[in-house]
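# Close look at the chain arrangement
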Amino acid sequence: QVQLVESGGGLVQAGGSLRLSCAASGIIASINAMGWYRQAPGKQRELVALITSGGSTNYADAAKGRFTISKDNPKNTVYLQMNSLKPEDTAVYYCSANIRRGGSYFNDYWGQGTQVTVSS
């Protein structure tokens, strides 16, 4: 089995910062990409940021210039540094990873989510 465990969410005032972490554990042969998604009440889950095994990154427009995704390969951990937070960033943030456990196939795995609340 593969587990993704997120941490770092919480309550912060507008303009503040939070750092989310997500550690993947279990039988992992390789990780293709890891990313962060978020889902606000009444809205669909959306991509926030993605980082590939080679280190390439992709950000949603709402995250550009404020959020930074990074990873620690030996620890199978991905981070999301969020600065200049806005009330509209309030959501449950989910970690996702595209992982090969063995053989040739990659599958997507998800964490349980961590709540981020930004007060105005």
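As a reminder, the structure under discussion sits directly above these lines.
The model shown is predicted, which means the values in this text are computed figures rather than measured ones.

## As for the overall build of the protein
Per the secondary structure count, the protein includes zero helices and eleven strands. Taking 2.2 N^0.38 as the reference for a compact globule, 120 residues should give roughly 14 Å; the C-alpha atoms of the protein span a radius of gyration of 14 Å, in line with that estimate. The buried share of the protein, taken over its 120 residues, is 38%. Taking contacts inside the protein between residues at least 6 apart in sequence as the whole, the part at least 24 apart equals 54%. If you sum the accessible surface of the protein, you get close to 6400 Å²; carbon and sulfur atoms cover 46% of it.

## As for the pattern of salt bridges
Under the criterion given, the structure shown has four salt bridges. Here Arg 38 and Asp 89 are joined by a salt bridge, their closest N and O atoms 2.9 Å apart. Of the two residues, Arg 38 is situated in strand β4 (residues 30-39) and Asp 89 in the loop between β8 (77-82) and β9 (91-100); the sequence distance between them amounts to 51 residues. Of the charged contacts in the structure, one is a salt bridge between Lys 64 and Asp 61, with a shortest N-O distance of 3.2 Å. Through salt bridges that share partners, Arg 38, Glu 46, Arg 66 and Asp 89 make up one connected network.

## Focus: the pairing of β4
Sheet topology places β4 next to β9; nine bridges connect them, and they run antiparallel. When the sheet's bridge partners are listed, Arg 38 is paired in β9 with Tyr 93. When β4 meets strand β5 (residues 46-52), the two strands line up antiparallel, connected through six bridges. Paired with Trp 36 across the strands is Ala 49, a residue of β5. Between β4 and β5, which pair antiparallel one after the other, the connecting turn spans six residues, and Gly 42 there sits at a positive phi close to 80°.

## A closer look at the state of the cysteines
Counted according to the given criterion, the structure contains one disulfide. At a sulfur-sulfur separation of 2.1 Å, the disulfide partner of Cys 22 is Cys 95. Here the S-S torsion is close to -80°, and the disulfide linking Cys 22 with Cys 95 is therefore left-handed. Residue Cys 22 is found in strand β3 (residues 18-26), and its partner Cys 95 is found in strand β9; the two are separated by 73 residues along the sequence.

## A closer look at the pairing of strand β1 (residues 2-7)
Successive side chains on a regular strand alternate, one facing one side of the sheet and the next facing the other. Because side chains alternate across β1, one face comprises the buried residues Val 2, Leu 4 and Glu 6, and the other comprises Gln 3, Val 5 and Ser 7, none of which is buried. As paired strands, β1 and β3 are joined by six bridges and run antiparallel to one another. Its bridge partner lying in β3, Gln 3 is registered against Ser 25.

## Remarks on the side chain of Ser 21
Along the chain, the position of Ser 21 falls in strand β3. Accessibility expressed as a relative area gives 17% for Ser 21, which makes it buried.

Cut-offs used in this document
Residues numbered from 1 in each chain as written. Predicted model: local features only at pLDDT ≥ 70, side-chain atom pairs only at ≥ 80, totals over all residues. Heavy atoms only, no water. Helix = DSSP H or I, 4+ residues; strand = E, 2+ residues; numbered from the N terminus. Rg over C-alpha atoms; globule rule 2.2 N^0.38 Å. Buried < 20%, exposed > 50% of the residue type's maximum accessible area, 1.4 Å probe, protein only. Contact = heavy atoms within 4.5 Å. Areas by Shrake-Rupley, 256 points an atom, 1.4 Å probe, with all protein chains shown as cover. Salt bridge = Lys/Arg side-chain N within 4 Å of Asp/Glu carboxyl O. Pairing = 2+ DSSP bridges. Disulfide = S-S within 2.5 Å.

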